[in-house]
Amino acid sequence: MLFGNDAPNQTKRLDDLATMTHGLMNLELEHLVALASEEPMSAEHPHALAEDPRALLQRYKFGDRKSPWENKDIKDKLRDAKKLLEGDVKGQATAIDNVTDILKRASLGLSGILHSSHGQKPKGVLFFAGPTGVGKTEMAKSMARLLFGDDTACLRFDMSEFSQAHADQRLFGAPPGYVGYDAGGELTSAVKKNPFSVLLFDEIDKAHPSILDKFLQILEDGRLTSGQGETVFFSECVIIFTSNKGIYRDVPDETDKTGQRMKKELVLKTSANCEELPSYLELRESVEEGIDRFFREELGRPELLNRIGNNLVVFDFIRPQVVRDIVDMRLKKLREFLAKSGWVVDFDPIVEELARSARRASGVFGGRGVLNSLEVALINPLARKLFDRKKEDANIRVVGVRAPDEKSGRYEVILEGE
């Protein structure tokens with residue numbers, strides 16, 4: 001017998017196993033029985049697989065790999081989660097609070113507990129929404145570092161690449177007899193290889209509807225049958241969707257005389273210099289309305305929105321007062337990188353000047369606008385200086401930035417002593 005002759009506990013174990021294996025095929029259940037029989041109970045192994053239904057299912061799903069969610073230090077990590085996330089993502093206090101709540105719930109195994117008795121839903125499901133360049137992708141990478149120790153555990157899929165019919169075959173695998181069957185799907189292969197991941201689906205609203213139908217099963221049951229007929233389990237993953245619905249809308253490009261080309265326009269108006277931005281409350285209302293309209297009216301998939309539930313996390317604009325923090329953080333990383341090559345560079349005299357220049361691009365383009373500004377005004381001209389400088393004169397203090405003139409059209413950095 002699978003659970004031995006311990007009658008008082010046998011019924012409970014069988015009930016637990018039946019709950020946890022709900023939806024598995026007969027062949028998969030036969031494999032479970034065979035796996036349990038490979039490690040019989042003994043005095044030396046009192047916690048053999050046959051004794052523990054959860055351990056049996058974990059071994060069947062993921063092999064000998066231990067889930068990071070079961071590590072003893074996971075609670076200690078999550079106690080410091082807010083501080084760690086704030087170090088990577090600036091100006092998103094509300095989003096960080098929402099994310100840390102969901103991660104703590106996931107660590108206790110409470111994700112989806114009220115909606116399913118099977119307990120096999122993904123560890124967490126989040127929907128990141130908001131303007132471009134405000135930290136949605138960086139938040140996902142930071143979560144991967146926090147949970148799994150490495151940002152390579154964040155697997156990103158640009159859903160604009162999966163907008164065509166049959167794109168679901170590329171993601172989940174082609175059925176037998178079709179081209180690409182042997183290669184498997186990009187998503188199913190990646191999760192099978194590393195089931196402990198943060199899965200980031202960027203711009204989910206651009207995916208083909210056939211792909212969104214597949215997500216209904218993943219979000220509900222935490223598993224999916226690939227094109228090769230294998231069951232791939234998502235129950236140890238954190239799944240993140242992103243969108244900027246409610247932020248931008250498509251309007252005709254007035255410069256296009258054919259009238260066919262469209263351009264992006266902000267739904268919420270800002271001042272010309274981006275110093276005056278809508279309040280966070282206005283932003284959140286616009287985003288919630290835009291996402292609701294997309295799933296219910298444009299897509300006709302309100303059930304997918306219901307699966308996501310209240311896990312919508314709205315990211316704020318990069319406010320002018322946050323730009324200085326981003327500049328400081330990036331200059332610190334730049335100093336550390338240059339130090340590895342033997343350069344000791346001091347940027348302190350120009351920090352405020354760089355931040356003032358970057359603020360003009362931050363409102364519409366977010367953090368990416370700040371980084372683009374730093375690249376043009378600092379990194380490019382600094383690279384020219386360092387390229388021609390002798391290494392024995394490695395201590396550098398940047399004291400100014402000269403704006404482009406009509407002749408050169410390029411920024412120049414001024415070094416102390418020049």
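Residues numbered from 1 in each chain as written. Predicted model: local features only at pLDDT ≥ 70, side-chain atom pairs only at ≥ 80, totals over all residues. Heavy atoms only, no water.

Colleague: Explain the overall build of the chain here, please?
Modeller: For the chain, the count of helices and strands is 14 helices and twelve strands. Out of the 418 residues in the chain, the part that is buried amounts to 45%. For the chain, the proportion of contacts with a sequence separation of at least 24, taken over those separated by at least 6, is 68%. With an accessible surface of roughly 22100 Å², the chain has 49% of that area assigned to carbon and sulfur atoms. (Helix = DSSP H or I, 4+ residues; strand = E, 2+ residues; numbered from the N terminus. Buried < 20%, exposed > 50% of the residue type's maximum accessible area, 1.4 Å probe, protein only. Contact = heavy atoms within 4.5 Å. Areas by Shrake-Rupley, 256 points an atom, 1.4 Å probe, with all protein chains shown as cover.)

Colleague: Looking at this model, I keep getting lost on the packing of aromatic side chains. Mind explaining?
Modeller: By convention here, two paired aromatic rings are described through the distance between centres and the angle between planes. Scanning the entire structure with this criterion turns up ten aromatic pairs. When the centroid spacing of 6.1 Å and the interplanar angle of 80° are considered together, the rings of Phe127 and Phe295 count as edge-to-face. In this pair, Phe127 is assigned in strand β1 (residues 124–129) and Phe295 in helix α11 (residues 280–298), connecting sequence segments 168 residues apart. When sorted by exposure, Phe127 lands in the same class as Phe295, which is buried. Ring centres 5.2 Å apart and planes at 85° place the aromatic pair Phe215 and Phe241 in the edge-to-face group. Here Phe215, found in helix α10 (residues 209–221), pairs with Phe241, found in strand β6 (residues 238–243); they are 26 residues apart in sequence, far enough to count as distant. Overall, the relative accessible area of 1% leaves Phe215 in the buried class. (Phe/Tyr/Trp six-rings, centres within 6.5 Å; stacked < 30°, edge-to-face > 60°.)

Colleague: Can you walk me through the sheet that holds strand β10 (residues 344–346) in this structure?
Modeller: Strand pairing in a sheet is mediated by backbone hydrogen bonds. Such pairs are either parallel or antiparallel. Strand order in the open sheet formed by three strands is β10-β11-β12, and the pairing between neighbours is mixed. Only two strands of the sheet have a single neighbouring strand rather than two, namely β10 and β12 (412–415). Within the sheet, the average angular offset between the axes of one strand and its neighbour, ignoring direction, is 40°. Pairing of β10 with strand β11 (residues 395–402) involves three bridges; the strand directions are parallel. The partner of Asp346 across the bridge, within β11, is Arg397. (Pairing = 2+ DSSP bridges. Axes fitted to C-alpha atoms, helices over the stretch in contact; angles between N-to-C directions.)

Colleague: Help me understand the sheet that holds β6, please; the structure alone is not making it clear to me.
Modeller: Across the sheet, which stays open at both edges, the five strands sit in the order β2-β3-β6-β1-β9 with parallel pairing between neighbours. Both outer strands of the open sheet, β2 (154–158) and β9 (312–314), are each paired with one neighbouring strand and no more. When strand polarity is set aside, the average angle formed by the axes of neighbouring strands in this sheet is 20°. Those strands touched by α10 are β1, β3 (198–202) and β6, and its axis lies near 140° from that of β6.

Colleague: Got a minute to help me understand the pairing of β11 in this structure?
Modeller: Regular strands place their side chains on alternate faces of the sheet. Bridge analysis of β11 against β12 gives four bridges, and the strand direction is antiparallel. Of the residues in β12, the one forming a bridge with Val398 is Leu415.

Colleague: Is there a simple way to think about α10 in this case?
Modeller: Note on helix geometry: an α-helix contains 3.6 residues per turn, so any two residues three or four positions apart are oriented the same way. The terminal C-alpha atoms of α10 lie 19 Å apart, and with 13 residues this matches the ideal 18 Å at 1.5 Å per residue to within 8%. Taken together, the buried positions of α10 are Ile211, Leu212, Phe215, Leu216, Ile218 and Leu219. Contacts from the buried residues of α10 go to β1, α8 (167–172), β3, β4 (223–225), β6 and α12 (302–308). Count one or two residues on from α10 and you reach Gly222, which has phi positive near 70°. (Expected span 1.5 Å × (residues − 1).)

Colleague: What am I meant to see in the pattern of salt bridges here?
Modeller: Summed over all chains, the structure comprises 22 salt bridges. Linking Glu298 and Lys245 is a salt bridge whose minimum nitrogen-to-oxygen distance equals 3.7 Å. Of the two residues, Glu298 is situated in helix α11 and Lys245 in the loop between β6 and β7 (248–252); the sequence distance between them amounts to 53 residues. Accessibility expressed as a relative area gives 51% for Glu298, which makes it exposed. (Salt bridge = Lys/Arg side-chain N within 4 Å of Asp/Glu carboxyl O.)

Colleague: I would appreciate a short explanation of unusual backbone geometry in the present structure.
Modeller: Glycine aside, the phi torsion of most residues is negative, and most peptide linkages are trans. Unusually for a residue other than glycine, His166 sits at a positive phi of about 70°. Tracing the backbone shows His166 in the loop between β2 and α8. Accessibility expressed as a relative area gives 59% for His166, which makes it exposed. In this structure, Glu203 is a non-glycine residue whose phi angle is positive, near 55°.

Colleague: What is the right way to look at the nonpolar core in this model?
Modeller: The tendency in soluble globular proteins is for nonpolar side chains to be buried as a group. Formed by 59 residues in total, the largest nonpolar core has its most connected members in Met139, Met143, Val327 and Phe347. Take this core: its biggest share by element is ten residues, from helix α14 (residues 351–388). Setting aside residues up to four positions removed in sequence, Met139 forms contacts with Leu85, Val89, Ala95, Ile96, Val99, Phe128 and Phe315. (Core = buried A, V, L, I, M, F, W, Y, C linked by side-chain atoms within 4.5 Å.)

Colleague: Looking at this structure, I do not really get the confidence of the model for the chain. What am I missing?
Modeller: In regions of low pLDDT, the predicted coordinates are not meant to be interpreted in detail. Put simply, the chain has an average pLDDT of 81, and 77% of its residues get 70 or more. Overall, residues 41–47 carries pLDDT values under 50, and its contacts beyond four positions in sequence, including any with other chains, amount to four contacts. (pLDDT = per-residue confidence, 0-100.)

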